[in-house]
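What follows is the residue order along each chain.
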Amino acid sequence: MPYYARFRPAYDPRLFALLARRFTLDGSQRVLDLGAGSGALTLPLAPLLREVIAVDPEPAMIAEGRRLAARAGVGGIDWRLGSSDMLLAMNVGPVLLTVMGASFHWTDRERLLRDLDTLIEPGGAVVLATCGARHDDLEPPPWLPVVEEVRRRHLDPERPRGSGPARYPEVRHQEVLLRSPFSRIEEVHWDRTVRRGLDEVVGLQLSYSFTSPAALGSGRTAFERDLRQALHAFAPGGGPFDERVRTEALIAVRPPGRDRPPPADERPESAGT
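Below, the structure is looked at part by part.

Cut-off values and rules
Residues numbered from 1 in each chain as written. Predicted model: local features only at pLDDT ≥ 70, side-chain atom pairs only at ≥ 80, totals over all residues. Heavy atoms only, no water. Helix = DSSP H or I, 4+ residues; strand = E, 2+ residues; numbered from the N terminus. Areas by Shrake-Rupley, 256 points an atom, 1.4 Å probe, with all protein chains shown as cover. Phe/Tyr/Trp six-rings, centres within 6.5 Å; stacked < 30°, edge-to-face > 60°. Buried < 20%, exposed > 50% of the residue type's maximum accessible area, 1.4 Å probe, protein only. Pairing = 2+ DSSP bridges. Axes fitted to C-alpha atoms, helices over the stretch in contact; angles between N-to-C directions. Contact = heavy atoms within 4.5 Å. Core = buried A, V, L, I, M, F, W, Y, C linked by side-chain atoms within 4.5 Å. Right-handed = clockwise from strand over helix to strand, strands pointing away. Salt bridge = Lys/Arg side-chain N within 4 Å of Asp/Glu carboxyl O.

1. What to know about the overall build of the chain
For step 1, the next point in the chain: Secondary structure summary: the chain contains 10 helices and 7 strands in total.
For step 2, the next point in the chain: For the chain, the accessible area works out to roughly 13900 Å², and carbon and sulfur atoms hold 51% of it.

Shown next, in the form of structure tokens:
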């Protein structure tokens with residue numbers, strides 16, 4: 001968990017500035033961060049709000065989020081163990097926004113958006129955010145093939161991306177949103193260069209599930225040694241290792257005339273559970 005929080009690229013600050021302007025965040029609102037992890041969205045949002053309800057199904061992520069919030073002196077966060085399946089039973093209360101990172105693709109998206117329609121206040125939105133470097137129009141960094149070659153030598157070729165199958169849905173998030181109560185969508189993105197040193201590139205690899213300390217096991221020492229040697233040969237001065245990364249967001253609101261939670265008799269059955 002510490003590798004993920006420390007070495008993954010942070011969301012671009014312009015995302016939070018946009019949300020503050022767009023939704024007039026003035027310290028009086030409540031926001032739900034669903035699948036909050038260790039707080040990549042929660043911690044930057046909290047100073048703009050009265051409260052962030054940060055929900056995640058992994059106790060270790062909640063513990064790491066609490067630790068990072070305490071270290072940064074960020075308050076106003078209600079950390080809760082839970083998931084989208086139990087959301088309406090958690091007594092979250094009304095929120096202006098629901099934000100999600102990569103967690104949205106793990107959910108029953110249609111059901112979740114119906115449930116959120118009962119929680120999100122008029123004028124509110126669902127915000128789906130991602131941050132990463134793997135985009136067709138972003139040139140990969142020149143040091144990436146060095147890392148990939150070391151991976152190939154150390155990883156089981158039958159499991160290049162971890163032990164489980166990918167569950168990315170075939171239907172794009174935009175299509176699901178268009179069929180949901182939050183059918184008015186704005187797409188935004190920002191690109192920036194992230195500069196890393198050698199230790200940070202190594203730490204980034206340890207943040208991935210397929211090259212995490214747990215996945216590498218007893219081979220971790222050899223993996224790190226070979227990776228450091230290969231990167232040092234590529235850049236004898238120890239870097240820098242630059243990479244272009246993109247923060248993307250889908251901001252989905254209700255259409256005009258529908259900007260209110262549905263009456264009780266129109267809510268999904270799960271609302272009473």
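Back to the text.
2. Description of the packing of aromatic side chains
For step 1, the next point in the chain: Tallied over the entire structure, the rule returns 2 aromatic pairs.
For step 2, the next point in the chain: Here Trp143 and Phe241 contribute two aromatic rings whose centre-to-centre distance is 6.2 Å and whose plane-to-plane angle is 90 degrees, an arrangement assigned as edge-to-face. Linking Trp143 in the loop between β5 (120–132) and α6 (144–154) with Phe241 in strand β7 (residues 241–253), this pair joins segments that are 98 residues apart in sequence. Across this residue pair, the class does not change: Trp143 and Phe241 are buried.

3. Re the sheet that holds β5
For step 1, the next point in the chain: Pairing in this open sheet of 7 strands is mixed, and the strands run β3-β2-β1-β4-β5-β7-β6 from one edge to the other. With one partner strand each, in any of the chains shown, β3 (77–81) and β6 (184–196) form the two edges of the open sheet. In this sheet, neighbouring strand axes are inclined to one another by 20 degrees on average, regardless of whether the strands run parallel or antiparallel.
For step 2, the next point in the chain: Bridge count for strand β1 (residues 30–34) against strand β2 (residues 51–56) is 5 bridges, and the pairing is parallel. If you follow Arg30 over to β2, its bridge partner there is Glu51.
For step 3, the next point in the chain: Contacting β5, β6 and β7, helix α2 (residues 13–22) runs over the sheet at an angle of about 150 degrees to β6.

4. What about the nonpolar core?
Nonpolar side chains tend to gather and get buried jointly when the protein is soluble and globular.
For step 1, the next point in the chain: If you look at the biggest cluster of nonpolar residues, it comprises 33 residues, and the most contacted ones within it are Leu15, Leu19, Phe23 and Leu45.
For step 2, the next point in the chain: If near-sequence neighbours (up to four positions away) are discounted, Leu45 is found in contact with Phe16, Leu19, Val31, Val52 and Val99.

5. Here we look at the pairing of β7
For step 1, the next point in the chain: Counting buried positions along β7 gives 10 out of 13 residues, so the element sits mostly inside the fold.
For step 2, the next point in the chain: Pairing of β5 with β7 involves 7 bridges; the strand directions are antiparallel. Bridge pairing in β7 links Thr130 to Glu248.
For step 3, the next point in the chain: Note that β6 and β7 share 13 bridges and pair antiparallel. By the bridge assignment for β7, Arg196 is matched with Phe241.

6. Observations concerning the pairing of β5
For step 1, the next point in the chain: Bridge count between strand β4 (residues 95–100) and β5: 5 bridges; the pairing is parallel. Note that in β5 the partner of Val99 across the bridge is Val127.
For step 2, the next point in the chain: Chirality of the crossover, the property in question, places the unit of β4, helix α5 (residues 109–117) and β5 among those that are right-handed.

7. Let's talk about the pattern of salt bridges
For step 1, the next point in the chain: Under the criterion given, the structure shown has 17 salt bridges.
For step 2, the next point in the chain: For Glu224, the salt bridge identified is with Arg220, shortest N-O distance 2.6 Å. Here the residue Glu224 and the residue Arg220 both occupy positions in helix α10 (residues 220–234), the gap between them amounting to 4 residues, near one helical turn.
For step 3, the next point in the chain: Taking relative accessible area as the criterion, Glu224 reaches 15% and is therefore assigned buried.
For step 4, the next point in the chain: Among the charged side chains, a salt-bridge network with shared partners connects Glu149, Arg153, Arg225 and Asp226.

It is worth stressing that arrangement in space is one thing and function is another; only the former is reported here.
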